[in-house]
Amino acid sequence: MFGVLQGFALILGIIGAGYLTARFGVVQGDQRRVLNNVAFFVATPALLFTVLRQSDPSIMLSPVILITSLAAIIVAAVYVVASRLWFKRDLATTTLGAACSGYVNANNLGLPVAVYILGDAAYVAPLILVQLIFFAPTILSMLEATRTGRRVDGPTDAQGDDRGDAGAAREQRRGRGAFRGALAALGRAASNPIIIASVLGLIVALVGLPIPEIVSAPLEMLGDAAIPMVLLSFGISLRGQRALQPGTGRAAVFTASALKLLLMPIVAWSLATAFGLGAHEVFVATIIAALPTAQNVYNYAATYRRAETTVRDAVFLTTFASLPIIAAVAWLLG
């Protein structure tokens with residue numbers, strides 16, 4: 001348990017350092033976006049390529065990872081339904097809220113939890129791959145689809161012609177515009193540096209292509225800077241606006257946090273039990289599902305400038321609240 005506390009202390013320490021840099025004026029206002037942009041376009045792609053090129057893609061097929069991945073998809077779907085019913089948001093905001101519900105912090109906290117509670121880091125490493133290969137590209141593709149505010153509809157009939165074929169012509173133009181918009185969004189997603197790095201890293205791992213140290217060493221150094229930059233930016237964002245303030249989308253924050261910390265572990269436990277996994281595997285799947293929301297989701301929100309406050313508050317709340325949840329699961333199932 002001490003190792004888990006160390007993991008929490010590491011994260012909170014860097015977040016605190018970011019807050020202090022803003023508190024004393026070292027970084028002001030939107031200057032934090034420089035950290036987000038460097039992390040998103042440079043450091044994170046380097047990190048993902050480095051992790052994936054050294055991975056074994058076959059380990060993604062373990063029963064525990066399949067269960068936790070399915071649980072993440074289920075709670076994300078529940079969030080989408082809840083959002084549609086109670087607090088309707090645009091596509092980007094809903095996507096990020098769903099990500100807060102199911103995208104777990106498998107690195108900073110997942111690894112200490114795996115080592116000190118589960119007894120083996122191999123339990124978490126495959127989930128990192130699944131999130132990088134499947135979840136992250138899906139989230140980023142949805143965000144790319146909303147990146148421009150331009151309507152994809154075709155032009156309306158300026159003359160107000162009400163002839164019978166005018167409506168059909170407008171519908172045809174709308175269809176062409178929507179198709180062009182979809183192709184543009186797909187092109188932007190395909191050119192996203194995180195998606196490109198993930199695909200290249202996976203290809204290198206599948207082919208077994210050796211990477212010379214003169215190339216891998218700088219990439220590893222850049223990758224090591226990714227998580228600290230995201231955490232620093234997160235801490236800076238806390239200056240000047242308290243978390244969970246009225247009017248900041250608290251319903252979405254509380255919903256995403258409750259789904260992440262309460263429903264996802266319950267779903268993972270239920271699925272693992274229903275599929276006949278052993279007692280230890282049920283324990284592992286439930287613990288992994290109880291991990292907090294990953295800081296990567298905040299990096300995506302800050303980079304695309306969508307739902308930043310909502311995602312920041314969800315990451316903040318789940319990070320603090322996950323410790324007693326994980327302790328309770330360990331006590332009940334361990």
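Our subject is the structure listed above.
Just so it is clear, the structure is predicted and the values come from calculations on it, not from any experiment.

Draft legend 1. Layout of the pattern of salt bridges. Following the criterion strictly, the structure yields three salt bridges and no others. Residues Arg306 and Asp90 are paired through a salt bridge, measuring 3.2 Å at the closest nitrogen-oxygen approach. Taken together, the residues span a long stretch of sequence, with Arg306 in the loop between helix H13 (295-304) and helix H14 (308-333) and Asp90 in the loop between helix H3 (63-86) and helix H4 (91-102) at a distance of 216 residues. With its nearest N and O atoms 2.9 Å apart, the salt bridge here joins Arg312 to Asp313. Each member of the pair, Arg312 together with Asp313, is buried.

Draft legend 2. Geometry of the nonpolar core. In this structure, Tyr103, Tyr300 and Val311 are the most contacted members of the largest nonpolar core, which totals 78 residues. Sorting elements by how many residues they give to this core places helix H6 (residues 125-145) first, with eleven residues. Among all residues touching Tyr300, those that are not within four sequence positions of it are Phe40, Leu96, Tyr103, Ala136, Ile139, Leu140, Leu143 and Ile194. One finds Ala39, Leu47, Met229 and Val230 within the second-largest nonpolar core, a separate group that totals six residues.

Draft legend 3. Seen up close, unusual backbone geometry. Even without being a glycine, Arg305 presents a positive backbone phi close to 55 degrees. Structurally, Arg305 can be placed in the loop between H13 and H14. Even without being glycine, Ala307 reaches a positive phi, approximately 50 degrees.

So, how was this worked out
Residues numbered from 1 in each chain as written. Predicted model: local features only at pLDDT ≥ 70, side-chain atom pairs only at ≥ 80, totals over all residues. Heavy atoms only, no water. Salt bridge = Lys/Arg side-chain N within 4 Å of Asp/Glu carboxyl O. Helix = DSSP H or I, 4+ residues; strand = E, 2+ residues; numbered from the N terminus. Buried < 20%, exposed > 50% of the residue type's maximum accessible area, 1.4 Å probe, protein only. Core = buried A, V, L, I, M, F, W, Y, C linked by side-chain atoms within 4.5 Å. Contact = heavy atoms within 4.5 Å.

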